[in-house]
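Architecture at a glance
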Amino acid sequence: MNLGFIAHNSKKSLMEDFCIAYKGIISKHEIYATGTTGRRIEEVTFLRVHKFLAGSVGGDKQFIEMIEREGLDLVIFFYNPSMISAKEPDVYKIIKSCDQFNIPLATNIATAEALILSLSRGDLDWREQFHKDDF
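Below, the structure is looked at part by part. Remember, it's a predicted structure, so these values are computed and weren't measured experimentally. (Residues numbered from 1 in each chain as written. Predicted model: local features only at pLDDT ≥ 70, side-chain atom pairs only at ≥ 80, totals over all residues. Heavy atoms only, no water.)

**Digging into the environment of K28**
Along the chain, K28 turns up in the loop between helix 2 (23-26) and strand 2 (30-33). In the structure, K28 is positioned 26 residues away from N2 in sequence and 9.9 Å away in space, judged by C-alpha atoms. (Helix = DSSP H or I, 4+ residues; strand = E, 2+ residues; numbered from the N terminus.)

**Quick notes on the packing of aromatic side chains**
Summed over all chains, the structure comprises 5 aromatic pairs. Aromatic pair F52 and F63: ring centres 6.0 Å apart, planes at 80°, arrangement edge-to-face. Taken together, the residues F52 in the loop between strand 3 (50-51) and helix 4 (59-68) and F63 in helix 4 connect sequence positions 11 residues apart. Across the pair, exposure class does not vary: F52 and F63 are buried alike. An aromatic cluster of three or more residues is present, and its members are F18, Y22 and F78. (Phe/Tyr/Trp six-rings, centres within 6.5 Å; stacked < 30°, edge-to-face > 60°. Buried < 20%, exposed > 50% of the residue type's maximum accessible area, 1.4 Å probe, protein only.)

**What about helix 1 (residues 12-21)?**
Listed in full, the buried residues belonging to helix 1 are K12, M15, E16, F18 and C19. Projected onto a plane normal to the axis of helix 1, the buried residues spread over an arc of 165° and lie on a single side. If you follow the buried residues of helix 1, they end up packed against strand 1 (2-7), helix 2, helix 3 (35-45), strand 4 (74-78) and helix 6 (109-121). (Arc of directions from axis to C-beta. Contact = heavy atoms within 4.5 Å.)

In structure tokens form, the structure reads like this:
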């Protein structure tokens, strides 16, 4: 499955910790991330990450385009609700796109852990069938 990771600057350390903790699960999947988030995930996990541009210079738009092509099966987006600015990825567009295209989305650590553990149990295997129907 294709997993998407994105984090506001103030949440990048949390994303690193999350990816270290769940490396065993996420390593079995393709990882996509905006530029800086992806680089930091690579540095701490040594996993290969497909990186878009940094979110502030168009990576969030590339991320949304992949959602709209239904190229992501799960999105983890750690954002800071008290620091939303034009320099950070567009929270509302990403959430709206995930909802529109039925992509499971976590925006906090509790939900991210629930989704990752569901992924490891096979609870999201329906996404694989979803992609087979596209071909």
